[in-house]
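# Coordinate analysis (summary)
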Amino acid sequence: MGLVMIKLYHASKTYDNSVPGLVDISLEIKRGEFVFVSGPSGAGKSTLLKLIYGLELPTKGSLIVNGRNLHKVPRSEVPYLRRRTGFVHQDFRLLVAKSVFENVALALKIRGLPKAEIKTRVMNMLSYLKIQHRANFPPLTLSGGEQQRVAIARALIKEPVILLADEPTGNLDPKLAYNIMDLFKEANSQGTTVIVATHDASIIESYHKRTIYLNKGRVVEQ
Ligand SMILES: Nc1ncnc2c1ncn2[C@@H]1O[C@H](COP(=O)(O)OP(=O)(O)OP(=O)(O)O)[C@@H](O)[C@H]1O
Ligand SMILES: [Mg+2]
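Residues numbered from 1 in each chain as written. Chains lettered and ligands numbered in written order. Predicted model: local features only at pLDDT ≥ 70, side-chain atom pairs only at ≥ 80, totals over all residues. Heavy atoms only, no water.

## A word on the pairing of strand β1 (residues 4–14)
The sheet contact formed by β1 and strand β2 (residues 20–30) spans seven bridges and is antiparallel. When the bridges of β2 are listed, Ile-6 appears paired with Ile-29. Hairpin connection from β1 to β2: five residues lie between these consecutive antiparallel strands, with Ser-18 at a positive phi of about 65°. Sheet topology places β1 next to strand β4 (residues 60–65); five bridges connect them, and they run antiparallel. Paired with Tyr-9 across the two strands is Ser-62, which belongs to β4. (Pairing = 2+ DSSP bridges. Helix = DSSP H or I, 4+ residues; strand = E, 2+ residues; numbered from the N terminus.)

Next comes the structure, spelled out in structure tokens:
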């Protein structure tokens, strides 16, 4: 039995307008696991990923990520915890005033890597995702599927300990979708704990991984 990477214990998240995002969730994800989170629209998939990334706190119960109780981590420390966590937002959240290259390079710059190494690593990643020709463009000039791949590149370039991907293949054609999933699988085989939120049943069926099904904020099956 591996070490626990993520543990939710009777965790709920109620949004300000009293909408229940998640209701009484208890679950564990082990270091090195590959897990799908599925369920219908509004089930709480994005909410679960946002909690794990520290974008939201549970309004009840507890959440431990990589040994840290997120209720006890000072807000000023959260950016440090995120340095080794990749997050692919459902709506990309790219920095619109920066180029594609700069979006992907940022995490490595913060880490203080030499310029030449950053360039090699970023261009390799962009090439693998077939968007190297877009490196110097601003994100909003790209198609939805291209922007999605920039968001994926930005998460993977961190060589994350935890990778959280929210509907990462929603805008991609099937071939690209499977390429991306294979990339996640490769990161997983290098030790990254991977959590993918998707309602794409064909992807879930292809990968034979643990799948947590949510409905109306509750775990209905795992
Ligand atoms: N910022 C917010 N403020 C208020 N309510 C929210 C907020 N974000 C999500 N919710 C609500 O929480 C519930 C769960 O939303 P969530 O985005 O987690 O679902 P989801 O499973 O990711 O859905 P989808 O498949 O459409 O992406 C929904 O009822 C939603 O309306
Ligand atoms: Mg969502």
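Having seen the structure, we can now continue with the description.
## With respect to the side chain of Glu-167
The topology assignment puts Glu-167 in the loop between β7 (162–166) and α6 (174–189). There is no salt bridge for the buried Glu-167, and the closest opposite charge comes from Lys-45, which lies 4.5 Å off by N-O distance. (Buried < 20%, exposed > 50% of the residue type's maximum accessible area, 1.4 Å probe, protein only. Lys, Arg positive; Asp, Glu negative; His and termini not counted. Salt bridge = Lys/Arg side-chain N within 4 Å of Asp/Glu carboxyl O.)

## A look at the packing of helix α3 (residues 100–110) against helix α4 (residues 115–128)
Packing of α3 against α4 leaves a shortest axis separation of 10 Å and a crossing angle of 130°. It follows that α3 is oblique to α4 by the angle criterion. The hand of the α3/α4 crossing is right-handed. In contact with Val-100, Phe-101, Val-104, Ala-105, Leu-108 and Lys-109 of α3, α4 contributes Ile-118, Lys-119, Arg-121, Val-122, Met-123 and Leu-126. Looking at side-chain class alone, the contact of α3 with α4 contains nine nonpolar, no polar and three charged residues. (Axes fitted to C-alpha atoms, helices over the stretch in contact; angles between N-to-C directions. Parallel < 35°, antiparallel > 145°, perpendicular 65-115°, else oblique. Left-handed = near helix turned anticlockwise from the far one by under 90°. Contact = heavy atoms within 4.5 Å. Nonpolar A, V, L, I, M, F, W, Y, C, P; charged D, E, K, R; others polar.)

## A few points about the environment of Leu-55
When you line up the elements, Leu-55 lands in the loop between α1 (45–53) and β4. Spatially, the C-alpha atoms of Leu-55 and Leu-113 are 26 Å apart, while their sequence positions differ by 58 residues. When residues no more than four places from it in sequence are discounted, the contact partners of Leu-55 are Lys-50, Arg-82, Phe-87 and His-89.

## Some remarks on the site of ligand 1
Ligand 1 sits among 14 residues. The nearest are Ser-41, Gly-42, Lys-45, Ser-46 and Thr-47. The backbone of Ala-43 places a nitrogen or oxygen atom 3.2 Å from an oxygen atom of ligand 1. Here an oxygen atom of ligand 1 sits 2.6 Å away from a polar atom, N or O, in the side chain of Thr-47. About the coverage of ligand 1: the protein hides 67% of its 630 Å² of free accessible area. For the shell around ligand 1, the element with the most residues is α1, which contributes three residues. Per-class residue counts for the shell around ligand 1 are four nonpolar, nine polar and one charged. (Near = heavy atom within 4 Å. Polar contact = N/O pair within 3.5 Å; in protein donor to acceptor, adjacent residues only side chain to side chain. Areas by Shrake-Rupley, 256 points an atom, 1.4 Å probe, with all protein chains shown as cover.)

## Description of the coordination of the magnesium ion (ligand 2)
On the protein side, the magnesium ion (ligand 2) has Ser-46 (OG) and Gln-90 (OE1) as donor atoms, found 2.0 to 2.3 Å from it. With a gap of 44 residues between them, Ser-46 in helix α1 and Gln-90 in the loop between β6 (85–88) and α3 connect regions that are remote in the sequence. Assessed through its relative accessible area of 18%, Ser-46 is described here as buried. Its relative accessible area of 43% is what places Gln-90 among the partly exposed residues. (Donors = N, O, S within 2.8 Å, 3.2 Å for Na, K, Ca; no water.)

In short, shape yes, function no, at least from these values alone.
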